[in-house]
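Residues per chain, in single letters:
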Amino acid sequence: MNKINLYKEFFTEKEKTIFENGSLKVSLFKYSTGIEAVKLSNSKGYVTLLPFVGQQIWDMEFLGHNMVMKSIYDEPMVCKDFYGESYGCFLMHCGLTAMGNPTAEDTHTPHGELPIAPYKDVYVIIGEDEKGRYISLSGSYFHKRAFEHNYEFTPECRLYENASTIDMTMNITNHKDLPLEYFYLCHINYRPVDGSKLYYTAKHENIVAHHEVPDNYPKELADKTNAYLDKLDHDMSLVDTIDSKTQSYAPEIVFTCKYDADENGNAHTMQLLPDGYSCYVSHRPEELPFGVRWIARTEDEDALGMVLPATAQHMGYLYCKEHGLEKYLDSKKSITFHITTGILSPEESEIIKNKIIN
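Remember, it's a predicted structure, so these values are computed and weren't measured experimentally.

K.L.:
Would you mind showing me how to read the sheet that holds strand 11 (residues 149-160) here?
P.N.:
In a beta sheet, neighbouring strands are held together by backbone hydrogen bonds and run either parallel or antiparallel to one another. As summarised here, the arrangement of the nine strands in space is 1-9-10-11-12-22-18-17-14, forming an open sheet in which the pairing is antiparallel. Bordering the open sheet on either side are strand 1 (2-6) and strand 14 (197-200), each of which pairs with just one other strand. Each neighbouring strand pair of the sheet contributes to a mean axis angle of 15°, computed without reference to strand direction. With ten bridges joining them, strand 10 (residues 132-145) and strand 11 adopt antiparallel strand pairing. Its bridge partner lying in strand 11, Tyr134 is registered against Tyr160. Lying on the sheet, helix 3 (residues 346-357) is in contact with strand 14, strand 17 (267-272), strand 18 (278-283) and strand 22 (334-344); it crosses strand 17 at an angle near 130°.

What follows is the structure, encoded as structure tokens:
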């Protein structure tokens, strides 16, 4: 395994390659907004990350399919307070001291400090393991608050030579002399495609649609979404076909799903597209027991968070505390979460579909 440390002065607006071996390639560039980006490529596509800004994945395309959510942002913007100032990424990490939408009584920013956490220790890894040769981007964010927190968060996005999916690991290390109370959610934002079908290893009776349409939302749109929520309370299978004409996700609907795992401990979720390809997520419920589903379909945002693997629900710190959903990591201990996501070929999609329905 080889490691290449990255520094901001390496990045220019003109894309440049810093590593290439066969189909694997690592290149660096800067968006016009000044945000640095690392592009990991192979023969099947690419994934573009923001190494110094939350290690967000901003863009991803495999097998000719760019399935990132629609947003009002063509490029990542500089954020001063929270991720909503530049929300158009494919994936962002959420937590750790708080996660979800804050209530009026909460004091944390939406989804906590991780989405736009500033990384200083950033590097590319060139390696090979039992799955083959790979390239990855990783780095560590150190969150230190006197008498409160001292944790290290280290994500890694790994792309293998012949893969159309990425393997994500997220490691948390508690450096403080007291247990770390934490919350984590991986926000994966695909784009919904009408006519697609959702398949997943969660039973309909283990899914709850939350009635959370804002009171001040335009009445006509609110009435339509509330009516659709009432239908979901009686028939959750209505979600399984993507159809903007008969469904209403304005401004959004959030679901909580309890997933079943397969014999290897993995849960599976896919949006099977009309052309036979699919968007795919695999996670481990033993690590991330809540499958939060977030769907937003408006003129500005069109997003299918078909599963956001999480340690807790999405309703903010105080709600999680009141319901005993917080997790603790002992002093000097570490924990790692694992997620795979990307685009599957029609042949691969059929295999996963049969695995889910059987």
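K.L.:
How should I be thinking about empty space enclosed by the protein in this particular structure?
P.N.:
Empty space among the atoms becomes apparent when a probe as large as a water molecule is rolled across them. With the rule as written, the count across this model stands at one cavity of 30 Å³ or more. The volume enclosed by the largest cavity comes to roughly 40 Å³. What lines the largest cavity is simply Leu50, Val53, Gln56, Trp58, Pro76, Met77, Cys79, Ser86 and Ile116. Its residues assigned to classes, the lining of the largest cavity comprises seven nonpolar, two polar and no charged.

K.L.:
In this structure, what is going on with the layout of surface pockets? I would like to understand it.
P.N.:
In this model, the largest pocket occupies a volume close to 590 Å³. Together, 31 residues line the largest pocket, and Lys131, Tyr160, Thr165, Asp167 and Thr340 are the ones closest to its centre. Listed by contribution, the elements that provide at least two residues to the lining of the largest pocket are strand 10, strand 11, strand 12 (165-174), strand 18, strand 22 and helix 3. In terms of residue class, the lining of the largest pocket is made up of six nonpolar, twelve polar and 13 charged. Its boundaries defined by the atoms lining it, the second largest pocket holds a volume of some 470 Å³. Lining the second largest pocket we find 19 residues, and of these Tyr83, Tyr87, Glu252, Trp294 and Ala296 sit closest to its centre. In terms of residue count, strand 19 (residues 290-297) provides more of the lining of the second largest pocket than any other element does, three residues in total.

K.L.:
Help me understand the nonpolar core in this model?
P.N.:
Inside soluble globular proteins, nonpolar side chains tend to come together where they are buried. Grouped together as the largest cluster of nonpolar side chains are 101 residues, with contacts concentrated most on Tyr190 and Phe255. With seven residues, strand 13 (residues 180-188) is the single largest residue contributor to this core. Within the second largest apolar cluster, seven residues are counted, among which are Tyr199, Tyr280, Leu344 and Ile356.

K.L.:
Looking at this structure, I do not really get helix 1 (residues 219-234). What am I missing?
P.N.:
Note that an α-helix has 3.6 residues per turn; residues three or four places apart therefore point the same way. In this model helix 1 runs 23 Å from its N-terminal to its C-terminal C-alpha over 16 residues, within 8% of the 22 Å that 1.5 Å per residue would give. Burial in helix 1 covers these residues: Ala222, Thr225, Tyr228, Leu229 and Leu232. For helix 1, the angular spread of the buried residues around the axis is 130°, confining them to a single face. The outward face of helix 1, more than 90 degrees from its buried face, is lined by the exposed residues Lys219, Glu220, Lys231 and His234. Next to the buried residues of helix 1 lie strand 15 (207-210) and strand 16 (253-257).

K.L.:
What's the story with the pattern of salt bridges in this structure? I'm lost.
P.N.:
Side-chain pairs of opposite charge can arise where the charged atoms are in close proximity. Considering all chains together, one arrives at 14 salt bridges under this definition. Put simply, Asp129 and Arg158 hold a salt bridge, and the shortest N to O gap is 3.0 Å. One end of the pair, Asp129, is in strand 9 (residues 121-129); the other, Arg158, is in strand 11, with 29 residues separating them in the sequence. We note a salt bridge from Lys219 to Asp223, for which the minimum N-O separation is 2.6 Å. With a gap of four residues between them, Lys219 and Asp223 both fall in helix 1, about one helical turn apart.

K.L.:
Is there a simple way to explain the environment of Lys70 in this structure?
P.N.:
Inspection of the secondary structure assignment puts Lys70 in the loop between strand 7 (65-66) and strand 8 (91-96). The class for Lys70 is partly exposed, based on a relative accessible area of 33%. Sequence-wise, Lys70 and Glu301 are 231 residues apart; in three dimensions their C-alpha atoms are separated by 5.3 Å. Dropping the residues within four chain positions of it, Lys70 is found in contact with Arg191, Glu299, Asp300, Glu301 and Asp302. In terms of polar contacts, Lys70 uses its side chain to reach the backbone carbonyl oxygen of Glu299, at 2.8 Å.

K.L.:
It is not clear to me how the side chain of Ser248 should be interpreted in this structure. Could you clarify?
P.N.:
The residue Ser248 is located in the loop between helix 1 and strand 16 in this model. At a separation of 2.7 Å, a polar atom in the side chain of Ser248 contacts the side chain of Thr225. Setting aside its immediate chain neighbours within four residues, Ser248 contacts Leu221, Lys224, Thr225, Tyr228 and Ile253.

K.L.:
What am I meant to see in the packing of aromatic side chains here?
P.N.:
The geometry of an aromatic ring pair comes down to the distance between the two centres and the angle between the two planes. According to the stated counting rule, one finds 14 aromatic pairs in the structure shown. Taken together, a centroid distance of 5.6 Å and an interplanar angle of 75° make the contact between Phe183 and Tyr317 edge-to-face. Residue Phe183 is located in strand 13, and its partner Tyr317 is located in helix 2 (residues 317-322); the two are separated by 134 residues in the primary sequence. Given a relative accessible area of 1%, Phe183 falls into the buried group. Its relative accessible area of 23% is what places Tyr317 among the partly exposed residues. Among the aromatic residues, those joined into a ring-pair cluster are Phe82, Tyr83, Tyr87 and Trp294. Looking at Arg158, its charged tip hangs above the ring of Tyr134, at a distance of 3.7 Å from the centre.

The rules behind each value
- Residues numbered from 1 in each chain as written.
- Predicted model: local features only at pLDDT ≥ 70, side-chain atom pairs only at ≥ 80, totals over all residues.
- Heavy atoms only, no water.
- Pairing = 2+ DSSP bridges.
- Helix = DSSP H or I, 4+ residues; strand = E, 2+ residues; numbered from the N terminus.
- Axes fitted to C-alpha atoms, helices over the stretch in contact; angles between N-to-C directions.
- Contact = heavy atoms within 4.5 Å.
- 1 Å grid on protein atoms, 1.4 Å probe; cavity = no way out; pocket = protein on both sides within 12 Å on 5 of 7 lines; lining within 4 Å.
- Points joined across faces, edges and corners; volume = space filled by probe spheres on them.
- Nonpolar A, V, L, I, M, F, W, Y, C, P; charged D, E, K, R; others polar.
- Core = buried A, V, L, I, M, F, W, Y, C linked by side-chain atoms within 4.5 Å.
- Buried < 20%, exposed > 50% of the residue type's maximum accessible area, 1.4 Å probe, protein only.
- Expected span 1.5 Å × (residues − 1).
- Arc of directions from axis to C-beta.
- Salt bridge = Lys/Arg side-chain N within 4 Å of Asp/Glu carboxyl O.
- Polar contact = N/O pair within 3.5 Å; in protein donor to acceptor, adjacent residues only side chain to side chain.
- Phe/Tyr/Trp six-rings, centres within 6.5 Å; stacked < 30°, edge-to-face > 60°.
- Lys NZ or Arg CZ within 6 Å of the ring centre and 35° of its normal.

Take it as geometry only, folks, not as evidence of what the structure does.
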